[in-house]
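Each chain is listed here by its residues.
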Amino acid sequence: MNYRHAFHAGNHADVLKHLVLTRLIALLSRKEAPFAYLDSHAGLGLYDLQGDQASRTGEYLDGIARLWQAEQLPDAVEAYLEVVRAMNPDGELRYYPGSPELARLLSREQDRLQLNEKHPEDGRLLKDNMRGDRRVAVHLGEGWHVPRALMPTREKRVLLLIDPPFEKADELQRCVEALNEAHGRMRQAIVAIWYPIKDERQLARFYRDLQKSAAPKLLRAELYVHAPDDATRLAGSGLVISNPPWGLEDELKQLLPWLADALGQSKGGWRLDWLIEEKPAG
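This one's a predicted model, so the numbers in the text were calculated from it and none came from an experiment.

The next subject is helix α1 (residues 12–28). With 17 residues, α1 should reach 24 Å at 1.5 Å per residue; the first-to-last C-alpha distance of 24 Å fits that figure. Judged by how many residues are buried, α1 sits mostly within the fold: 16 of 17 residues are covered. For α1, the N-terminal capping position is held by Asn-11, with its side-chain oxygen 3.2 Å away from the main-chain nitrogen of Ala-13.

Two faces, one strand: in a regular strand the side chains alternate between the faces of the sheet. Counting buried residues along strand β6 (residues 157–162), six of its six residues qualify, which places the element largely inside the surrounding structure. Side chains Arg-157, Leu-159 and Leu-161 project from β6 onto one buried face, and the interleaved Val-158, Leu-160 and Ile-162 project onto a second face that is buried too. Of the pairings in the sheet, the one linking β6 to strand β7 (residues 190–197) comprises four bridges and is parallel in character. The residue of β7 that forms the bridge with Leu-161 is Ala-192. Note on the crossover from β6 through helix α8 (residues 171–185) to β7: the handedness is right-handed.

The next point concerns the packing of aromatic side chains. Inspection of every chain in the model, using the stated rule, returns four aromatic pairs. In textbook terms, an aromatic cluster arises when at least three aromatic residues are bridged by ring pairs, as seen for Tyr-195, Phe-206 and Tyr-207. Seen from the ring of Trp-194, Lys-17 lies directly overhead, with NZ or CZ sitting 5.5 Å from the centre. One Lys or Arg, Arg-220, reaches over the ring of Tyr-207 and ends 4.4 Å from the middle of that ring.

Reading across the sheet, the eight strands line up as β5-β4-β1-β6-β7-β9-β8-β10 and stay open at both edges, with mixed pairing between neighbours. Only two strands of the sheet have a single neighbouring strand rather than two, namely β5 (136–139) and β10 (269–276). Pairs of neighbouring strands in the sheet enclose a mean axial angle of 15°, with direction left out of account. Here strand β1 (residues 35–39) runs beside β6; their pairing, made up of five bridges, is parallel. Counted as the bridge partner of Asp-39 is Leu-161 from β6. Against the sheet, α1 touches β1, β6, β7, β8 (218–224) and β9 (236–242), its axis set at about 20° to β9.

What follows covers the environment of Ser-55. Note on placement: Ser-55 falls in helix α2 (residues 52–57). For Ser-55, a relative accessible area of 41% translates into the label partly exposed. Ser-55 sits 46 residues away from Ala-9 along the chain, and the two C-alpha atoms are 9.8 Å apart. Sequence-distant contacts of Ser-55, that is, excluding residues within four places in its chain, are made with Leu-49 and Gln-50.

With that settled, the discussion passes to the pattern of salt bridges. Inspection of every chain in the model, using the stated rule, returns 24 salt bridges. Close ionic contact of Glu-251 with Arg-23 constitutes a salt bridge, the shortest N to O distance being 2.6 Å. Within this pair, whereas Glu-251 is found in helix α10 (residues 248–263), its partner Arg-23 is found in helix α1, the two being separated by 228 residues in sequence. For Arg-66, the salt bridge identified is with Asp-62, shortest N-O distance 2.8 Å. Classification of Arg-66 as partly exposed rests on a relative accessible area of 26%. Residue classification places Asp-62 among the partly exposed positions, given a relative accessible area of 31%. Ionic contacts of the salt-bridge type, sharing partners, join the residues Glu-101, Arg-104, Asp-133 and Arg-135 into one network.

At a minimum axis distance of 10 Å, the contact between α8 and helix α9 (residues 200–211) shows a crossing angle of 10°. The angle between α8 and α9 falls in the class roughly parallel. Here the hand of the crossing between α8 and α9 comes out right-handed. Here Leu-172, Cys-175, Val-176 and Leu-179 of α8 lie close against α9, whose contacting residues are Gln-202, Leu-203, Phe-206, Asp-209 and Leu-210.

Our focus in this paragraph is a positive patch on the surface. The grouping of Arg-201, Arg-205, Arg-208 and Lys-212 at the surface amounts to a positive patch. For Arg-205, a relative accessible area of 44% puts it in the partly exposed group.

The next thing to look at is the side chain of Lys-17. With respect to the element layout, Lys-17 can be found in helix α1. A residue is classified by how much of its surface remains accessible, and Lys-17, at 4% relative accessible area, is buried. Excluding residues within four positions of it along the chain, Lys-17 makes contact with His-5, Asp-163, Trp-194 and Leu-239.

Rules behind the numbers
Numbers given for residues are sequential positions, taken from 1 along each chain in its written order. For this predicted model, a pLDDT threshold of at least 70 governs which residues receive local features, and a threshold of 80 or more governs which side-chain atom pairs are given and counted, while totals over whole chains, interfaces and linings are taken from all residues. Side-chain descriptors were evaluated using all non-hydrogen atoms of the structure, hydrogens and water having been removed beforehand. Runs of E in the DSSP output that reach at least two residues are strands. Runs of H or I that reach at least four are helices, and both are numbered from the N terminus. In this analysis, the expected span of each helix is defined as 1.5 Å times one less than the number of residues it contains. Relative accessibility thresholds used throughout: buried, under 20% of the residue-type maximum; exposed, over 50%; partly exposed, between the two (1.4 Å probe, protein chains only). N or O atoms within 3.5 Å of each other form a polar contact, as long as, within protein, one can give a hydrogen and the other can take it, and as long as residues adjacent in sequence are counted only when both atoms are side-chain atoms. Two strands qualify as a pair provided DSSP detects at least 2 bridges between them. Convention used here: a crossover is right-handed provided that the path from the first strand, over the helix, to the second strand proceeds clockwise when the strands point away from the viewer. Only Phe, Tyr and Trp rings are paired, with Trp represented by its six-membered ring, and only when their centres lie within 6.5 Å; those with planes under 30 degrees apart are stacked, over 60 edge-to-face, the remainder tilted. Any Lys NZ or Arg CZ that is within 6 Å of a ring centre and within 35 degrees of that ring's normal is treated as a charge sitting over the ring. In this analysis an axis means a line fitted to C-alpha atoms, helices contributing only their contacting stretch, and an angle means the value between N-to-C directions, from 0 to 180 degrees. What makes two residues a contact is simply this: any of their non-hydrogen atoms within 4.5 Å. Salt bridges are defined by distance alone: a side-chain nitrogen of Lys or Arg within 4 Å of a carboxyl oxygen of Asp or Glu. Working rule for angles: under 35 degrees goes down as roughly parallel, over 145 as roughly antiparallel, 65 to 115 as roughly perpendicular, anything else as oblique. Working rule for handedness: look at the near helix, and if it is turned counterclockwise from the far one by less than a right angle, call the crossing left-handed; if clockwise, right-handed. By definition, no residue in a patch forms a salt bridge, and every one has over 30% relative accessible area; like charges are joined within 9 Å, nonpolar side chains (Val, Leu, Ile, Met, Phe, Trp, Tyr) within 5 Å. Methods summary: accessible areas were calculated by the Shrake-Rupley approach with a probe of 1.4 Å, and residue burial reflects only the protein chains presented. Charge counting follows a simple rule: Lys and Arg are positive, Asp and Glu are negative, and His as well as the terminal groups are ignored. In this description, the location of a charge corresponds to atom NZ of lysine, CZ of arginine, CG of aspartate or CD of glutamate.

And the structure:
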């Protein structure tokens, strides 16, 4: 995939990822106890949709721009759109939050953020964007080392987002390895892994590996904007979420069909199911 993320900021895959992240943070925030947010491949944290990279591809026009213009939105979309609106107070869609900025703005005073970005320039910009918030620490290491370097956290609750660039052939496998390492260190962790939907054979192997993973339970949520039968283009994207908080599955049952209609291009679609169902007690 063509990377750096600024080329793809605000596209349909970002919308899915950031909507799910928004709902995860909202559901975690129902309890007063603090949580830690960990981001293994954090990016810049903030993107200019009229900048050179985003405007060159225009991917956001079939992503966040469609929601920006929508008149009727599901309740589950509102918190996400409120963040984007607050970043664009003049009503013109220009600035878009990455996952670090969303997590920073939606988390609470008692929560803590640990962000990692390997790319030197992006890491420097991320530090600049997060400066002044004492709850945030920015690391400039290898993203795959985040579970072993930062877990267990002092907080008993943790949300780890794994969102690599998928530039290398082994990154789906490394996602599974990171998932296993995270649960080896904190079995109760919520781990969300984002992945592109392109090569069906690679994904089939990924799903099998996930089903054999150490996750106690694992929910799969996918959004398609094209039929997933052409490996030359991004047909959609998905998230697998281990230990999803209560209520997320029901929210996604309402949200995914709406997103498929709102963001579908040649053909919209969705899938929501359990790769690992919760094992009964005893």
